[in-house]
Amino acid sequence: MTAPVAVKDKDKGLQERIRQVAKRYKHWGLLKIHYKLRKQGETANHKRIRRLYRLAGLTLPRKVKKRLPEAVRQPLPKATACNNCWSLDFTSDSLADGRKFRTLNVLDDYNGTGHPAGSIGYRNRLLLT
């Protein structure tokens, strides 16, 4: 095990200022403390402040992600009558001349028939069929 590193005399004042800022703003990390010291006129670079911050034992613990409990998977209910459940889907394709079109397909899940008012859209125009 290595011995703890002693702080140099010229860094003791800076380390004390780091501790004061960290005590005042408990949830601030290294970078926010560095920016605050820069605003106060401190010219030390971030590497020196990081070293003194760690030697002072001020590092904040990492935040742990909260895990959601696993949801129990259940199968989707089957449609029991006409107009009970519908499925929607967009499909797209292109014509021989290069124009692209999209269709909205609407199907009844019970008997698989399509909705009579399907639509086809050419770029900015919408054609009802």
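Please refer to the structure placed before this passage.
To start, this report covers the structure provided alongside it. The model shown is predicted, which means the values in this text are computed figures rather than measured ones. (Residues numbered from 1 in each chain as written. Predicted model: local features only at pLDDT ≥ 70, side-chain atom pairs only at ≥ 80, totals over all residues. Heavy atoms only, no water.)

On inspection of all chains with the given rule, the structure shows one aromatic pair. Ring centres of Tyr25 and Trp28 lie 4.0 Å apart, and the angle between their planes is 10 degrees; this geometry places the pair in the stacked category. Of the residues examined, Trp28 reaches a relative accessible area of 22% and is grouped as partly exposed. The ring of Phe90 is capped by Arg102, whose NZ or CZ atom sits 4.6 Å from the centre of that ring. (Phe/Tyr/Trp six-rings, centres within 6.5 Å; stacked < 30°, edge-to-face > 60°. Buried < 20%, exposed > 50% of the residue type's maximum accessible area, 1.4 Å probe, protein only. Lys NZ or Arg CZ within 6 Å of the ring centre and 35° of its normal.)

With that out of the way, let us pick up the layout of surface pockets. Put simply, the largest pocket is a space of about 240 Å³. Every residue lining the largest pocket is listed: His27, Leu60, Pro61, Arg62 and Lys63. Taken together, the residues of the lining of the largest pocket break down into two nonpolar, one polar and two charged. (1 Å grid on protein atoms, 1.4 Å probe; cavity = no way out; pocket = protein on both sides within 12 Å on 5 of 7 lines; lining within 4 Å. Points joined across faces, edges and corners; volume = space filled by probe spheres on them. Nonpolar A, V, L, I, M, F, W, Y, C, P; charged D, E, K, R; others polar.)

Two quantities define a packed helix pair, namely the angle between the helix axes and the distance between the axes. Relative orientation of the contacting elements helix H1 (residues 9-24) and helix H2 (residues 30-39) amounts to 115 degrees, with a least axis distance of 10 Å. The orientation of H1 with respect to H2, classified from their angle, is roughly perpendicular. The chirality of how H1 crosses H2 is right-handed. Contacts between H1 and H2 involve Leu14, Arg17, Ile18, Val21 and Ala22 from the first element and Ile33, Lys36 and Leu37 from the second. Class assignment of the residues belonging to the contact of H1 with H2 gives a composition of six nonpolar, no polar and two charged. (Axes fitted to C-alpha atoms, helices over the stretch in contact; angles between N-to-C directions. Helix = DSSP H or I, 4+ residues; strand = E, 2+ residues; numbered from the N terminus. Parallel < 35°, antiparallel > 145°, perpendicular 65-115°, else oblique. Left-handed = near helix turned anticlockwise from the far one by under 90°. Contact = heavy atoms within 4.5 Å.)

Moving on, we come to the environment of Thr103. Examined against the element boundaries, Thr103 turns out to sit in strand S2 (residues 100-108). With 11 residues separating them in the primary sequence, Thr103 and Ser92 have C-alpha atoms 6.2 Å apart. For Thr103, the side chain forms a polar contact with the side chain of Thr91, separated by 2.4 Å. (Polar contact = N/O pair within 3.5 Å; in protein donor to acceptor, adjacent residues only side chain to side chain.)

Before going further, it helps to examine H1. Look at H1: 24 Å from first C-alpha to last across 16 residues, which is about the 22 Å you get at 1.5 Å a residue. On its buried face, H1 sits against H2 and helix H3 (46-55). (Expected span 1.5 Å × (residues − 1).)

Moving on to the pairing of strand S1 (residues 86-94). With nine bridges connecting them, S1 and S2 associate as antiparallel partners. Looking at S2, one finds that Asp93 is bridged to Phe101. Connecting the antiparallel pair S1 and S2 is a turn made up of five residues, with Gly98 showing a positive phi of about 100 degrees. (Pairing = 2+ DSSP bridges.)

Before going further, it helps to spend a moment on the side chain of Asp108. Relative to the helices and strands, Asp108 is located in strand S2. Within the buried core, Asp108 has no salt-bridge partner, and the shortest N-O distance to an opposite charge, that of Lys78, equals 13 Å. At 3.3 Å, the side chain of Asp108 forms a polar contact with the backbone nitrogen of Tyr110. (Lys, Arg positive; Asp, Glu negative; His and termini not counted. Salt bridge = Lys/Arg side-chain N within 4 Å of Asp/Glu carboxyl O.)

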